[in-house]
Structure formats: C-alpha cells, structure tokens
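Understanding the architecture of this molecule
Listed below, chain by chain, are the residues.
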Amino acid sequence: EELNVKQVVQREDVSSIATTRFVPDFKQLGPVLGKDMPQVAAAIKAGNVHFEASKVNVTQGERNWTVDAAMVQIQFEGVEGHDVLSDGGLVVALDTTITPELLSEGDARGLVRNIQDMRKDADYAISDRIVVQLDGPAPREWLGYIMDEVLGTAAAVAKPDREKQIEVSAGLVTARIQREMKL
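First, a word on what this report is: a plain description of the structure on this page. Please read all numbers here as calculations on a predicted model, not as lab measurements.

Within the element layout of this structure, isoleucine 166 appears in strand β10 (residues 162-168). A residue is classified by how much of its surface remains accessible, and isoleucine 166, at 4% relative accessible area, is buried. C-alpha of isoleucine 166 to C-alpha of leucine 134: the two residues are 32 residues apart in sequence and 9.8 Å apart in space. If near-sequence neighbours (up to four positions away) are discounted, isoleucine 166 is found in contact with Leu111, Asn114, Gly171, Leu172, Val173 and Ala175.

In this section: unusual backbone geometry. At alanine 53, a residue that is not glycine, the phi angle is positive and equals roughly 55°. Of note, alanine 53 is situated in the loop between β2 (49-52) and β3 (55-60). Alanine 53 sits in the exposed class, given a relative accessible area of 82%. If you check the backbone angles, aspartate 123 has positive phi at about 60° while not being a glycine. Within the element layout of this structure, aspartate 123 appears in the loop between α3 (100-121) and β8 (130-135).

Further remarks concern the sheet that holds β8. Spatially, 4 strands are ordered β9-β8-β11-β10 in an open sheet, and the strand pairing comes out mixed. Each edge of the open sheet is held by one strand with a lone partner, namely β9 (152-154) and β10. Between one strand and the next, the sheet's axes are offset by a mean angle of 30°, whatever the strand orientation. Pairing of β8 with β9, which is carried by 3 bridges, proceeds in the parallel orientation. Bridge pairing in β9 links valine 131 to threonine 153.

Definitions and limits used
Position numbers for residues start from 1 in each chain and track the written sequence from start to end. Local features in this predicted model are restricted to residues whose pLDDT is 70 or higher, and side-chain atom pairs enter the listing and the counts only when it is 80 or higher, whereas totals over whole chains, interfaces and linings include all residues. Processing note: side-chain calculations cover all non-hydrogen atoms of the structure and skip hydrogens and water entirely. Only runs of H or I of at least four residues qualify as helices and only runs of E of at least two qualify as strands under DSSP, and these elements are numbered from the N terminus. With a 1.4 Å probe rolled over the protein chains alone, any residue whose accessible area is under 20% of its type maximum counts as buried; one over 50% counts as exposed, and the rest are partly exposed. Contacts between residues were defined by any pair of non-hydrogen atoms, one from each residue, lying within 4.5 Å. Any two strands are treated as partners once DSSP identifies two or more bridges connecting them. Orientation is described by axes fitted as lines to C-alpha atoms, over the contacting stretch for helices, and by angles from 0 to 180 degrees between their N-to-C directions.

Nothing here speaks to function; it is geometry throughout.
So this is what it looks like as structure tokens:
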C-alpha cells in the first residue's frame, strides 16, 4: 500500500494528536510492591506518574513509590481522525481525514495508474504520446496532472485502442486512449 505525505509537523506536546495512557506491568510490579500493588497500579492508570531517567515516581495521595521505568508502559491512542504509532519515545501520527481535495487527488492518481496500465496493455512505447478521452466524473481540476503523467492530450477519441471503466469516488469514468498519429 502507498502512503503520500503532504506535510510533516514536529511537536513537543503530543496532546493534540494522541491521548496518553500509562499501563502498569502487573507481573513485574507484583513481586516488588506486594500489597501496595493495587494502589500503585491505580495511580499509574490515573496518570499520577513522573518519569526520571530509568525510574518512575508514582504518587497516590500522600504516598510515593519509585519503580523501574520498564514496569510502566506508555501507550498512545490517536485522537479522532489520527492513527498513531510510537516507539522509543517517538510518536508519529497520521491525520486520516479525507478532505474533498485529497479525495480528488486520489481519484486523479487512480486514473493515472489505470491509464498507464491501458498503455502497457496496448503495447505503447514508453515515449508514445496518446490522446485521452475521459467521460464521467473525472476530477477536472487534475486534468493537467493526469495528461502530463500519461503523456496525453485530452481530446475526443474516435477509434480507441483501449477503453476501460474506472471507478472513482463520484462514480464511473470511461477512459479511452489512442496513440497520437505522428506527422
């Protein structure tokens, strides 16, 4: 699967893209804390933690405990419209909101991919220029991009070498291609 990144933003505070959860490692905490383990686990889940190097200070009311950082997992969950991954203190979020502009661009890329497949099926040389006719809800604002990518000129095609129905977000586009006649 392909991922197209439009913008990269670096942030020190991840709260606008993810919620932070602290998860106690019961197997490790139990032997160390004994009967205090339920209190410490509740404090960790509530976020009453402060990380210092390889240790975590846990506070519940007036009580404090210090445990190894490995005993507390930090998990991040993306806020609405974001998918989040984290590793080694780095949090990466993808804004998964599909705007009308992104949808239109995706349709254009899909049309390019399909027209390139049609060129290949028609045994066109990589340098052959073609005439392309698109009927249906093709993203007209991306027509220049589509034609540049496929070495095409938008025009009516009387006798297509290839014809294909291509699904886009707004319905079906009929694409017809024909090799340009060399003069």
